[in-house]
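Each chain, letter by letter, is given below.
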Amino acid sequence: MGIPSAPPHLRTPAPLPLRTLAPLLMLTFTLVVLFGYLLPMYSPPARIGLSEIPPAARKGPFDLNGQIRLLGWQAERTTLAPGEATHVTLYWQALTDPQEDYRLFFRLQAGQDEPVWEKDDSPSAGQDSTDLWRQGDVLAVRHRLALAADAPPGRYRLLAGVHAFGNWDWLMLYDEYGKSLGDVIALEDFVIARQTQP
């Protein structure tokens, strides 16, 4: 007389074969990468209201060619050690429907010395292009500033300028009274501190 088998509801289900699990795992991985990483990275920056700009960030306005306006900026940290990174949030407003794809150039340097960090990027940090902006849009965009491990200690100034894509003629900056301020603006002073020995 054999051992009676367990009732169907108590039987352990057979494991799925690997050839069935592999596509499910790949699909799960693809969805995580797509929705958790790629879409947030490349989705257009959020539009905000003017009242959402923090008071400490209101350092403008600075008009560029009557197309876009820099309303202000705010750095998360201004003292860094070599190899560290921080973010600077810039607040933009579209004065018209811009016809150009503008580029934003950053340079962190001391006086006329060679910059210790520089970057040519879109004002929206690569999330879209300015020719997709619409009149009245207000955007808050975080830009990453990452120092090299051998960045020399000292005091530096973060400079920025805007030019059209493929054209290195810088846009002139104007204050709220229409006074020309040149084509480069000093955003923030940074200190690269000496690393302490452990």
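One can find the structure itself at the top, above this paragraph.
Residues numbered from 1 in each chain as written. Predicted model: local features only at pLDDT ≥ 70, side-chain atom pairs only at ≥ 80, totals over all residues. Heavy atoms only, no water.

1. Structural notes on the pattern of salt bridges
Let me state the cut-off plainly: A pairing counts as a salt bridge when a side-chain nitrogen of Lys or Arg comes within 4 Å of a carboxyl oxygen of Asp or Glu. Partly exposed describes any residue whose relative accessible area lies between the buried limit of under 20% and the exposed limit of over 50%, with all areas from a 1.4 Å probe on protein chains only and scaled to the type maximum.
Taken as a whole and assessed by the stated rule, the structure comprises 9 salt bridges. Between Glu84 and Arg77 there is a salt bridge; the shortest N-O distance is 2.8 Å. Overall, Glu84 belongs to the partly exposed group, its relative accessible area being 31%. According to the relative accessible area criterion, Arg77 is partly exposed, its value standing at 36%. Among the ionic pairs, Asp121 bridges to Lys119, the shortest N-O distance being 3.5 Å. Look at Lys119 and you get partly exposed, because its relative accessible area is 25%.

2. Things to note about empty space enclosed by the protein
Using the following cut-off: Put simply, the grid is 1 Å and covers the protein atoms alone, a cavity is a trapped set of points that fit a 1.4 Å probe, a pocket is an open set with protein on both sides within 12 Å along at least five of seven lines, and lining residues have an atom within 4 Å of a point. Grid points are joined across faces, edges and corners, and a volume is the space filled by probe spheres set on the points. Strands are runs of DSSP state E lasting at least two residues, helices are runs of H or I lasting at least four, and both sets are numbered from the N terminus onward. Basically, the charged four are Asp, Glu, Lys and Arg, the nonpolar ten are Ala, Val, Leu, Ile, Met, Phe, Trp, Tyr, Cys and Pro, and anything else, Gly included, counts as polar.
One pass over the structure, following the stated rule, counts 2 cavities of 30 Å³ or more. Contributing to the lining of the largest cavity are Leu64, Leu70, Leu90, Trp92, Leu104, Ala160, Gly161, Val162, Leu173, Ile185 and Leu187. Broken down by element, the lining of the largest cavity gets its largest block of residues, 3 residues, from strand β8 (residues 154–164). Looking at side-chain class alone, the lining of the largest cavity contains 10 nonpolar, 1 polar and no charged residues.

3. Details of the environment of Pro55
Note that Pro55 resides in the loop between α1 (18–42) and β1 (58–64). Judged by relative accessible area, Pro55 falls into the exposed class, the value being 70%. Separated by 19 residues in sequence, Pro55 and Gln74 have C-alpha atoms that sit 9.9 Å apart.

4. A few points about the sheet that holds β1
So the rule is basically this: Here the rule is simple: two strands pair whenever DSSP picks up at least two bridges between them.
Pairing in this open sheet of 5 strands is antiparallel, and the strands run β7-β4-β2-β1-β9 from one edge to the other. With partners counted over all chains shown, the strands left at the sheet margins are β7 (138–146) and β9 (173–174), one partner each. Bridge analysis of β1 against β9 gives 2 bridges, and the strand direction is antiparallel. Its bridge partner being in β9, Leu64 is matched across the sheet by Leu173.

5. Things to note about unusual backbone geometry
In the segment running from Gly60 into Pro61, the intervening peptide bond is cis, with an omega of 5°. Here Asn65, not a glycine, exhibits a phi torsion of approximately 60°, which is positive. Position of Asn65 relative to the elements: it lies in the loop between β1 and β2 (68–75). Its relative accessible area of 48% is what places Asn65 among the partly exposed residues. Although it is not a glycine, Ala125 adopts a positive phi angle of roughly 60°. Summarising the element assignment, Ala125 is placed in the loop between β6 (117–121) and β7.

6. A look at the sheet that holds β8
On the basis of which strands lie adjacent, the open sheet formed by 5 strands has the order β3-β10-β8-β5-β6 and mixed pairing. Each having just a single partner strand, β3 (79–80) and β6 make up the two edges of the open sheet. Relative to β6, strand β5 (residues 102–109) runs antiparallel, the two being bridged by 5 bridges. Each bridged residue has a counterpart across the sheet, and for Leu104 the counterpart in β6 is Asp121.

7. Notes on the nonpolar core
This is how the line gets drawn: Here the nonpolar core consists of buried residues drawn from Ala, Val, Leu, Ile, Met, Phe, Trp, Tyr and Cys, with membership extended through side-chain atoms lying within 4.5 Å. The contact definition used throughout considers only heavy atoms, calling two residues in contact when any of these lie within 4.5 Å.
One finds Leu90, Trp92, Leu158 and Leu187 to be the most contacted residues of the largest nonpolar core, which totals 33 residues. Sorting the residues of this core by element identifies β1, β2, β4 (85–94), β5, β7, β8 and β10 (185–192) as the ones contributing at least two each. No other element matches β8, which puts 5 residues into this core. Those residues within four positions of Leu90 in sequence are excluded, and the remaining contacts are Leu70, Gly72, Trp73, Leu104, Phe106, Leu139, Ala140, Val141, His143 and Leu187. Counting 5 residues, the second-largest nonpolar core is a separate cluster that includes Ile53, Leu71, Tyr91 and Val138.

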